[in-house]
Every structure is written in C-alpha cells, then in structure tokens.
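Overview (structure and organization)
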Amino acid sequence: DGGITQSPKYLFRKEGQNVTLSCEQNLNHDAMYWYRQDPGQGLRLIYYSQIVNDFQKGDIAEGYSVSREKKESFPLTVTSAQKNPTAFYLCASSYRGGGSGANVLTFGAGSRLTVL
Amino acid sequence: DAKTTQPNSMESNEEEPVHLPCNHSTISGTDYIHWYRQLPSQGPEYVIHGLTSNVNNRMASLAIAEDRKSSTLILHRATLRDAAVYYCILRALANAGGTSYGKLTFGQGTILTVHP
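Anyway, here's the lowdown on the structure attached to this text. (Residues numbered from 1 in each chain as written. Chains lettered and ligands numbered in written order. Predicted model: local features only at pLDDT ≥ 70, side-chain atom pairs only at ≥ 80, totals over all residues. Heavy atoms only, no water.)

Section: the pattern of salt bridges
Threshold: Between Lys or Arg on one side and Asp or Glu on the other, a salt bridge is scored when a side-chain nitrogen of the former is within 4 Å of a carboxyl oxygen of the latter. For each residue, the accessible area found with a 1.4 Å probe, counting protein chains only, is set against the maximum for its type, and the residue is called buried under 20%, exposed over 50%, and partly exposed in between. Secondary structure follows DSSP: runs of H or I at least 4 residues long count as helices, runs of E at least 2 residues long count as strands, and numbering of each begins at the N terminus.
Under the defined criterion, the tally for this structure stands at six salt bridges over all chains. Of the charged contacts in the structure, one is a salt bridge between Asp38 of chain A and Arg36 of chain A, with a shortest N-O distance of 3.0 Å. Neither residue differs from the other here; Asp38 of chain A and Arg36 of chain A are each classed as buried. The salt bridge partner of Glu15 of chain B is Arg77 of chain B, with a shortest N-O separation of 3.2 Å. Of this pair, Glu15 of chain B sits in the loop between strand S1 (9-13) and strand S2 (18-23) while Arg77 of chain B sits in the loop between strand S7 (70-75) and strand S8 (84-91); the two residues are 62 residues apart in sequence, bridging distant segments of the chain. Using a relative accessible area of 52% as the deciding quantity, one classes Glu15 of chain B as exposed. When its relative accessible area of 54% is taken as the criterion, Arg77 of chain B is described as exposed. Among the charged side chains, a network of salt bridges with common partners joins Arg36, Asp38 and Arg44 of chain A.

A look at the packing of aromatic side chains
Stated precisely, the cut-off is as follows: Under the pairing criterion, centres of Phe, Tyr and Trp rings, with the six-membered ring standing for Trp, must be within 6.5 Å; the plane angle then separates stacked pairs below 30 degrees from edge-to-face pairs above 60, leaving the rest tilted. Consider the ring centre and the ring normal. A charge sits over the ring if Lys NZ or Arg CZ is within 6 Å of that centre and within 35 degrees of that normal.
For the coordinates displayed, the defined rule picks out 10 aromatic pairs over all chains. Taken together, the ring pairs connect Tyr35 and Phe107 of chain A together with Tyr36, Tyr46, Tyr87 and Phe106 of chain B into an aromatic cluster. Positioned over the ring face of Phe74 of chain A is Arg68 of chain A, at 6.0 Å from the centre of the ring. Of note, Arg112 of chain A hangs over the ring of Phe88 of chain A, and the distance from its end group to the ring centre comes to 4.5 Å.

Looking at the environment of Glu62 of chain A
Following the sequence through the fold, Glu62 of chain A ends up in the loop between strand S6 (54-57) and strand S7 (64-66). Sequence spacing of Glu62 of chain A and Ala81 of chain A is 19 residues, and the spatial spacing of their C-alpha atoms is 7.8 Å.

Structural notes on the sheet that holds strand S3 (residues 19-25) of chain A
All names here are of chain A. Let me state the cut-off plainly: When DSSP finds two or more bridges between two strands, those strands count as paired. The axes used here are C-alpha line fits, helices contributing only the stretch in contact, and every angle between their N-to-C directions lies in the interval 0 to 180 degrees.
If you walk across this open sheet you meet the four strands as S1-S3-S8-S7, and the pairing is antiparallel. Edge strands, defined here as strands with exactly one partner in the open sheet, are strand S1 (4-7) and S7. Ignoring which end each strand starts from, the neighbouring axes of this sheet average 20 degrees apart. Pairing geometry for S1 and S3, over four bridges, is antiparallel. If you follow Ser7 over to S3, its bridge partner there is Ser22.

Some thoughts on unusual backbone geometry
Excluding glycine, a negative phi dihedral is what most residues carry, and trans is how most peptide bonds are arranged. Residue and element names in this part refer to chain A. Look at the link from Ser7 to Pro8: it is a cis peptide, with omega at -10 degrees. Mapping Pro8 onto the fold places it in the loop between S1 and strand S2 (10-13). Its identity is not glycine, yet Asn28 carries a phi of approximately 60 degrees, on the positive side. Position of Asn28 among the secondary structure elements: in the loop between S3 and strand S4 (31-37).

Here's the deal with the sheet that holds strand S6 (residues 61-64) of chain B
What the four strands build is an open sheet, ordered S2-S7-S6-S5 (chain B); its pairing is antiparallel. Two strands close off the open sheet at either side, each with one partner strand: S2 and strand S5 (55-56) of chain B.

As for the nonpolar core
So the rule is basically this: As used here, the term nonpolar core means buried Ala, Val, Leu, Ile, Met, Phe, Trp, Tyr and Cys residues forming a set that is joined through side-chain atoms within 4.5 Å. Contacts are residue-level and defined by heavy atoms, with any inter-residue pair within 4.5 Å sufficient.
Residues Trp34, Ile46, Tyr47, Tyr64, Leu76, Val78 and Tyr89 of chain A are the most contacted members of the largest nonpolar core, which totals 21 residues. Listed by contribution, the elements that provide at least two residues to this core are S3, S4, strand S5 (43-51), S7, strand S8 (76-78) and strand S9 (87-94) of chain A. Residue contacts for Ile46 of chain A: discarding those within four places in its chain leaves Trp34, Tyr35, Arg36, Lys57, Gly58, Asp59, Ile60, Ala61, Tyr64, Leu76 and Tyr89 of chain A. Judged by nonpolar contacts, the second largest core, of 20 residues, contains Leu20, Val47, Ile64 and Leu75 of chain B.

Okay, structure coming up:
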C-alpha cells in the first residue's frame, strides 16, 4: 500500500546536537511538507517542497534545514540553533498538478523528538 | 491565509449524529474548505473537502452555506473511533507560482468526545 513513512517514531537528543528526521513516500506525490505540533496546538508549517531540488520556508523555518534530492524523500534536520526543538513532527505529501485547492494532504504517523 | 473559527470542544453519544461547525467569513471565491481529523499521537487524516456544493463521502458529509461563510461537518452516526480533533481549513487555489501548495493553516480545531 502507498503511504508515508516517518522514522524514527521516537527520538531523544541532547542539547547542542543536530538530529535528522526521515520522511519517505511512495505515493508519487510531487509536493512534500514538514509540520511541527506542540501539545494542544495545531500544526505549523516548517518547510515545503514542490519539486525535487527546490524547497521554500514555511512559517517557522528558523533552526531547521531540509533537502529534496529525490522525489520520494524529504528529510528534516533539527539543528542546535532551534531553541525549543521538543515537539511532534509531521511529514505530509500531496499532488502538485492542476493548481487545484482540492489537492489533499497525506500525513505520516509522526516523529516525537525530545531534547534532554 | 483566510482564517477559520471552530468551537474548542464538542461532545456526542455513540450512534448519534454530530454536527461540527466552522466559520470562515473571510473566505475567498477560490478557497476550498477542507476537513482533517487527528487521533491522539497520530498524523492528521483527510476527511472531506468542498468548494460550493454539499459533499458526501464514506466518512462524512460537508454542508456549505450558500454565502460560503460557514460550513458544517456531519458525522451521521458517531462511533468511539470518531473521537479526535477535527480541523476545518481553507486551501487556496494555487497560482502559477504555486507558492500556496500545501500551505494549510491549521488552527486548534474542535476536540470531539464520543460517549458510549
């Protein structure tokens, strides 16, 4: 079955360390996204990518970096510059074509990062 | 991005219908209305979307006001598995630059509790 795989599901990090979260999709979607969710809050967009080798900052990109070398993969690195990295991170993907606001997002199961 | 307003929480009994309201008074003519739901510790799941006409699918129905300033997600017979946070989101029609792809702005949503 097609879907989005995020790994690891749980991750612990010491302060000052960078950590990379993996996101892989086999839905043949062009666009991929990273969201952050804090307890009791909605999702906030970190970065998104519409095509390979191109990505744009979302609303809270500071302290994060991404790459899009393959259509299927969109890894997120949480750097030591991110002041409050403890959160639930969600990856999503969608079709890009047609310019339609009807294109829906498919989400992964999430990665929960805790900074010790 | 246009904003949506939802009640913080609602309760229902199992096997009864549930009507989840959403106000979006600043909606533009090309904004689609999307609903997603999120179970605890999982990624959001697409429920339904529409533009002007009422929509039905296997999960739910979406009733859109004639002036499009509000909409209602209808779960015809709530089950315990429907207990989740429900997000009402407006998704803009992407322009040629495509910068609005996937930029779903999630609010805090409505926490639905279903009682057995």
